[in-house]
Amino acid sequence: MDSLQISSDIKNSHARETRLVLQSFCQLIPASTVMGFFFFVAPKCESAFFTFLASTAYWHFGISLDGVIIVLFQA
């Protein structure tokens with residue numbers, strides 16, 4: 001291998017690692033909002049059934065958004 005090939009491999013590796021770190025931070029946003037909803041908003045709801053429906057919907061939205069983030073960063 002020549003030095004240009006090694007330099008190119010290092011740059012590609014660095015770009016992949018940078019994208020992975022950015023993906024991790026982007027995945028932190030939906031996870032944090034779901035946890036915030038569960039700990040701060042859901043306990044204030046009066047109806048147990050509404051709490052169940054809202055938390056289930058919010059959980060599914062957060063999980064699907066997490067999947068979208070993974071697909072976007074791996075594409």
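Since we're looking at a predicted model, the values are computed, not measured.

### Topic: the packing of aromatic side chains
Point 1. A full pass over the atoms with the stated rule returns 4 aromatic pairs.
Point 2. Note on Phe37 and Tyr58: the rings are 4.7 Å apart at their centroids and 25° apart in plane angle, and the pair reads as stacked. Here the residue Phe37 occupies a position in helix 1 (residues 3-41), and Tyr58 occupies one in helix 2 (residues 48-74), the gap between them amounting to 21 residues.
Point 3. The class for Tyr58 is partly exposed, based on a relative accessible area of 29%.

### Quick look at the side chain of Ser55
Point 1. Mapped onto the fold, Ser55 is located in helix 2.
Point 2. The contacts of Ser55, once residues within four sequence positions are left out, are Phe37 and Phe38.

### Digging into the UniProt feature "transmembrane region" (unreviewed entry) in the protein
Point 1. Summarizing the sequence annotation, UniProt attributes the feature "transmembrane region" (unreviewed entry) to residues 20-42 and 48-73 in the numbering used throughout.
Point 2. Here residues 20-42 is 96% helix and 0% strand, with 32 Å between the C-alpha atoms at its ends.
Point 3. Overall, residues 48-73 shows 100% helix and 0% strand. The separation of its end C-alpha atoms is 37 Å.

Calculation criteria
Residues numbered from 1 in each chain as written. Predicted model: local features only at pLDDT ≥ 70, side-chain atom pairs only at ≥ 80, totals over all residues. Heavy atoms only, no water. Phe/Tyr/Trp six-rings, centres within 6.5 Å; stacked < 30°, edge-to-face > 60°. Helix = DSSP H or I, 4+ residues; strand = E, 2+ residues; numbered from the N terminus. Buried < 20%, exposed > 50% of the residue type's maximum accessible area, 1.4 Å probe, protein only. Contact = heavy atoms within 4.5 Å. UniProt positions renumbered as here; feature names shortened; annotations may be inferred.

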